[in-house]
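Residues per chain, in single letters:
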Amino acid sequence: MGATPARIPVQVWKDPNCGCCHDWIRHMEANGFQVTVHDEGNNAARARLGLPNRLASCHTALVGSYLLEGHVPARDVMKLLEQKPKAMGLAVPGMPVGSPGMDGPEYGGRKDPYDVLLVTRNLMNSDVSTRVFTSYR
């Protein structure tokens, strides 16, 4: 019998009363991540990590040296960790219905289109830019 693979550690900053954040955490745990939760809101964490408010969502996470903002699917996090791009991380701004954590029965199966954005920072001037990492349609 082989050893169980190590779960990938993730730290999450969220509001203690946010149900969709809890659902996203369950999604991550079901996909091999070991989640540590900080129930103190995410504004300070987002600012500390240098992510502009235009990319904001209801929770901010850190996996390895990458930030995750919002309802990023676990498979995109795995792809990020495998590809290791020079980037700050991934963001799903807002709270799109149908994304992990925003896909419960209360949404009646609705799935809105959304993009997972790869977030990068220009080292010369610290500008933050994005490009589509994965599109869900």
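Higher on the page you've got the structure.
Residues numbered from 1 in each chain as written. Predicted model: local features only at pLDDT ≥ 70, side-chain atom pairs only at ≥ 80, totals over all residues. Heavy atoms only, no water.

Chemist: Pulling in residues and values, what's your account of the packing of aromatic side chains?
Modeler: Per the stated rule, a full pass over the model turns up one aromatic pair. Between Tyr114 and Tyr136, the ring centres sit 5.0 Å apart and the planes meet at 20 degrees, which makes this aromatic pair stacked. One end of the pair, Tyr114, is in strand β6 (residues 114-121); the other, Tyr136, is in strand β7 (residues 128-136), and 22 residues separate them in sequence. The same class applies to Tyr114 and to Tyr136, which are both buried. Sitting over the face of the ring of Trp13, Arg48 holds its NZ or CZ atom 5.2 Å from the ring centroid. If you follow Lys79 out to its NZ or CZ, it ends over the ring of Phe133, 4.5 Å from the centre. (Phe/Tyr/Trp six-rings, centres within 6.5 Å; stacked < 30°, edge-to-face > 60°. Helix = DSSP H or I, 4+ residues; strand = E, 2+ residues; numbered from the N terminus. Buried < 20%, exposed > 50% of the residue type's maximum accessible area, 1.4 Å probe, protein only. Lys NZ or Arg CZ within 6 Å of the ring centre and 35° of its normal.)

Chemist: Can you tell me about the pattern of salt bridges, naming the residues and giving the values?
Modeler: This structure, assessed with the given rule, holds five salt bridges. Between Lys14 and Asp39 there is a salt bridge whose closest N-O contact spans 2.8 Å. Taken together, the residues span a long stretch of sequence, with Lys14 in strand β1 (residues 8-14) and Asp39 in the loop between β2 (33-38) and α2 (43-49) at a distance of 25 residues. Asp112 is the partner of Arg110 in a salt bridge, and the nearest nitrogen-oxygen pair spans 2.6 Å. When its relative accessible area of 27% is taken as the criterion, Asp112 is described as partly exposed. (Salt bridge = Lys/Arg side-chain N within 4 Å of Asp/Glu carboxyl O.)

Functional significance is not addressed by these values, which are geometric in nature.
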